[in-house]
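Chain by chain, the residues:
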Amino acid sequence: MKRIINIRTWCAGLGILASVCTAFSQNEFRALTWSQSNAYNSYLMRDVHQQFADRQTAIRKAFTSSVEMQKYLEGCRERYKKIVGDFPEKGDLNPQIVGRVQGTGYHIEKIIFESKPGRYVTANLYMPDHVPAPVPAALELCGHGLNGKGPSSSSAILMATNGIAVLVVDPIGQGERLQLIDGEGKPLTRGATTEHTLLNAGFNLVGTSLAAQEYWDNHRALDYLLTRSDIDPDHIGIYGSSGGGTQTAYYVGLDPRVKVAAICSFFSTRERTLELQGPSDGCQHIPYEGREQLEVPDFAMMMAPRPLLILSGKYDFVDLWGAQQGFGELRQCYKALGCPGKVDMLTVETGHGLGAEKKQKLVSWFKLWLKNDKSPVKEAPQERFQLADVLCTEKGQVNISLPSVVSTMEENARLVSGWASQRKSFLAKGKKAIQAKVLELLGLKGLPTTKIKIESTGHSSMREYEQYKFQIIREGEMPVPCILIVPAKANADSPVVLRLQEEGKGAYLSEYTNITAALTEGTILLLADLRGMGETTDPAFYNESKYWNREYRNAMISLHTGRPIMGQRVVDLLTLLDFCSEHEALKGHRVKVYANGIYGPAVIHAAYLDPRISSAEIAGSVKTWSDFIVNPMQRDMYSNVLYGVLKYYDLPDLMRLSGRAIRFVD
């Protein structure tokens, strides 16, 4: 009982000011000395800004000469390859032309090919009629929309009318390639952006991204074009708007076969976008871009010195100021390389998408650089087709039309299964090697070594217990708010129960019945809110419900900067364990952890890394990442994504390796 007396004496000795107590009386369970709803996001944006500033230093040097510019671009390309993940070996495309639709001056071929075994890609090829072969060609990468390539593309028709063939490709999760569907092929989500975001989390767990998978399918689509004798292999372009603009930006730096490109309604700076609007759809991010100092202008810049066109709208939700700043960098890049005329930007009085004025500029740009043709753009016929006319599959979806198809979920599950022996070998390594990899995946350079600072922020004497409030500060980290409840019956043998509730410690403590058992048994309770939860929860209106993640913007920004949100919370847990080890009232008491929801995986990792957790019980949490791979329609997954983790271990592996009693109670 000596330690309990000590803590009461210690807190009384602080002489907590009455004014502080008055301020906190407005919220009995708030432990921080401040309240700022955007605090965690502001904290994360510091890293974004610093990484952008470091990049600015490097790129300013690159602009000084052609040699420095080439060196900078090669560095960007190498860092891009470092984070984009692995691609499979190329196999047979097994292309099929399954139908043809005649237009005015052009025809549409309906095509299916395999970008990898079992992954079928559907596409429409708009071929100009009465034009000598081989003809120049372009890939059109679809913007977001469930219909993908849709019933027809007015841009492709305009291109074909002007003598350029266009292959319009359905991306994963759009058109005839929806993955989250019922038995009749109807979508189970609200739209392509939701499906993309859910699928991307699964791809991230195996060390890739939906953006990378789109790149692969588009790369193989270009491979298909080059198998055709009627296509000129030396005159290939690529363009896209919105989500298609994203695909184009990610594509041009990795495939030198592309001779001209245009990015519409996507180009801006990532720093500006993250600060102004927050992260975009899951398919528009590759983890660690910020850590590797890769900005959207860098992805576009890798196109240099090949011709590149940027198309923007003054009233687009894609920020124009960021687009103008990014284009300024493009212009300096092309100037340094001695070809300023090969980059251009059109900004029009419109909003999002590839409208009429932009299409005119697009086609004239492609005519110039693919055909050396400066003549006016020929007007296209005003005709549209029915969706059924241009479908490549019998039932409108590859996953229910083709017997040998492999869904995205099956594909990733097979990948994880194929890594079984690799994971077994990794898990057989010594603790030092395993711990190093775990820390790396968490985005941590090592276990925290800086001292904590314990600040008392309140004290209340109750009939059955003493309640103390603290904020625990570690340099460079978010403060951890916590409440310590010391029952009158507590003694030197009483355990400390660290309880982490995803709904916040305040919600838990507001129900007195939640703590009655602890008071009766003399159990010491420590309730805390790790960063981004409870007192520092991000306001809901910053996180679109379509992303199925209550803290989507902060989770994605964390992945962007190379510090997964789970890794940051592991640091908070270790900070709480330091608090338990250092505080006079808690020293020597064994620590049990009870956690729910989002907190589960962070607790498992902390228990593996730190033996001061004697046991842990977890409820309502993800139990295995492998299950998520199979069933991606789960909420709050980005809160628990570690990039490429399933190459090395799953959550049950870490529970076993910890050697302690960690169990799921549901």
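Note that residues are indexed from 1 along each chain, following the sequence as it is written. Per-residue local features are limited, in this predicted model, to residues with pLDDT of at least 70; the limit for side-chain atom pairs, both in listing and counting, is 80 or more; totals at the level of whole chains, interfaces and linings are taken over all residues. Excluding hydrogens and water, the side-chain values take into account all heavy atoms of the structure.

**Student:** So what exactly am I meant to see when it comes to the packing of aromatic side chains here?
**Tutor:** Aromatic rings considered in pairs are described by the distance between their centres and by the relative angle of their planes. Only Phe, Tyr and Trp rings are paired, with Trp represented by its six-membered ring, and only when their centres lie within 6.5 Å; those with planes under 30 degrees apart are stacked, over 60 edge-to-face, the remainder tilted. Within this structure, the stated rule accounts for 18 aromatic pairs. For the pair Y288 and Y643, a centre-to-centre distance of 5.4 Å together with 90° between the ring planes defines the contact as edge-to-face. Of this pair, Y288 sits in the loop between α9 (270–276) and α10 (296–301) while Y643 sits in the loop between α23 (625–630) and α24 (651–658), placing them 355 residues apart in sequence. Neither residue differs from the other here; Y288 and Y643 are each classed as buried. Ring geometry for Y547 versus Y552: centroids 4.1 Å apart, planes at 20°, classification stacked. In DSSP terms, a helix is any run of H or I states spanning at least four residues, a strand is any run of E spanning at least two, and both are numbered starting from the N terminus. Only protein chains enter the area calculation, which uses a 1.4 Å probe; residues under 20% of their type maximum are buried, those over 50% are exposed, and those in between are partly exposed.

**Student:** Looking at this model, I keep getting lost on the sheet that holds strand β17 (residues 661–664). Mind explaining?
**Tutor:** Strand pairing in a sheet relies on backbone hydrogen bonds, with the paired strands running either antiparallel or parallel. The strand order across the open sheet built from eight strands is β10-β11-β12-β14-β13-β15-β16-β17, with neighbouring strands paired in mixed fashion. On the outer flanks of this sheet lie β10 (452–461) and β17, each paired with one strand and no other. For this sheet the average axis-to-axis angle between neighbouring strands, irrespective of direction, equals 20°. When strand β11 (residues 465–474) meets strand β12 (residues 480–487), the two strands line up antiparallel, connected through eight bridges. When the bridges of β12 are listed, E466 appears paired with V486. The contact rule is simple, with two residues in contact once any of their heavy atoms fall within 4.5 Å. Axis lines are fitted to C-alpha atoms, over the contacting stretch for helices. Their N-to-C directions set the angle, which ranges from 0 to 180 degrees. Contacts between helix α21 (residues 565–582) and the sheet are confined to β10, β11, β12, β13 (496–500), β14 (524–528), β15 (591–596) and β16 (613–619), with β11 contributing the most and set at about 125° to the helix. Here helix α22 (residues 599–609) sits on the sheet and contacts β13, β14, β15, β16 and β17; the angle it forms with β16, its principal contact strand, is near 160°. Strand pairing is defined by DSSP finding a minimum of two bridges between the two strands.

**Student:** Any chance you could explain the side chain of S155 here in plain terms?
**Tutor:** Residue placement: S155 occurs in helix α5 (residues 154–161). Residue classification places S155 among the buried positions, given a relative accessible area of 6%. Residues in contact with S155, not counting those within four places in the same chain, are E140, Y239, L354 and K359.

**Student:** What am I meant to see in the packing of helix α6 (residues 192–205) against helix α15 (residues 408–418) here?
**Tutor:** In a packed pair of helices, the relevant descriptors are the angle between the two axes and the axis-to-axis distance. For the pair α6 and α15, interaxial distance at closest approach is 10 Å and the crossing angle is 10°. With respect to α15, the element α6 is oriented roughly parallel. Between α6 and α15, the residues in contact are L199, G202 and F203 and T408, M409 and N412, respectively. For this classification, Asp, Glu, Lys and Arg are treated as charged, while Ala, Val, Leu, Ile, Met, Phe, Trp, Tyr, Cys and Pro are nonpolar and the rest, including Gly, are polar. Counted by class, the contact of α6 with α15 contains three nonpolar, three polar and no charged residues. Throughout this description, any angle smaller than 35 degrees is read as roughly parallel, any larger than 145 degrees as roughly antiparallel, any in the 65 to 115 degree range as roughly perpendicular, and the remainder as oblique.

**Student:** In this structure, what is going on with the side chain of K367? I would like to understand it.
**Tutor:** Mapping K367 onto the fold places it in helix α12 (residues 356–371). Owing to a relative accessible area of 2%, K367 belongs among the buried residues under this scheme. Within the local environment of K367, its side chain forms a polar contact with the side chain of S375, the two groups lying 3.0 Å apart. Apart from the residues within four sequence positions on either side, K367 is in contact with N162, I164, N372, D373, S375, P376 and V377. Polar contact criterion, stated in full: a pair of N or O atoms within 3.5 Å, where within protein one must be able to donate a hydrogen and the other to accept it, and residues adjacent in sequence count only if both atoms are side-chain atoms.

**Student:** Got a minute to help me understand helix α8 (residues 243–252) in this structure?
**Tutor:** Counting buried residues in α8 gives ten out of ten residues, a clear majority hidden from the surface. For α8, the full list of buried residues reads G243, G244, G245, T246, Q247, T248, A249, Y250, Y251 and V252.

**Student:** Explanation requested: empty space enclosed by the protein in the structure shown.
**Tutor:** Over the atoms a probe the size of a water molecule is rolled, and this reveals where empty space is left. Cavity means a closed set of points on a 1 Å grid over the protein atoms alone, one where a 1.4 Å probe fits but cannot get out, pocket means an open set with protein on both sides within 12 Å along at least 5 of 7 lines, and lining means a residue has an atom within 4 Å of a point. Grid points are joined across faces, edges and corners, and a volume is the space filled by probe spheres set on the points. Summed over the entire model, instances satisfying the criterion amount to six cavities of 30 Å³ or more. Here the largest cavity is characterised by a volume of approximately 80 Å³. Lining the largest cavity, in full, are V48, Q51, F52, R55, R270, E271, G290, Q293, L294, E295 and H560. Elements supplying a minimum of two residues to the lining of the largest cavity: α3 (39–62) and α9. The greatest single-element share of the lining of the largest cavity, amounting to four residues, is contributed by α3. Its residues assigned to classes, the lining of the largest cavity comprises three nonpolar, four polar and four charged.

**Student:** Help me understand the pattern of salt bridges in this model?
**Tutor:** Pairing is possible between side chains of opposite charge, provided their charged atoms come close. In the sections that follow, a salt bridge refers to a side-chain nitrogen of Lys or Arg positioned within 4 Å of a carboxyl oxygen of Asp or Glu. Counting across every chain of the model gives 43 salt bridges. Measuring nitrogen to oxygen at the nearest pair gives 3.0 Å for the salt bridge that ties R270 to E289. Here R270, found in helix α9, pairs with E289, found in the loop between α9 and α10; they are 19 residues apart in sequence, far enough to count as distant.

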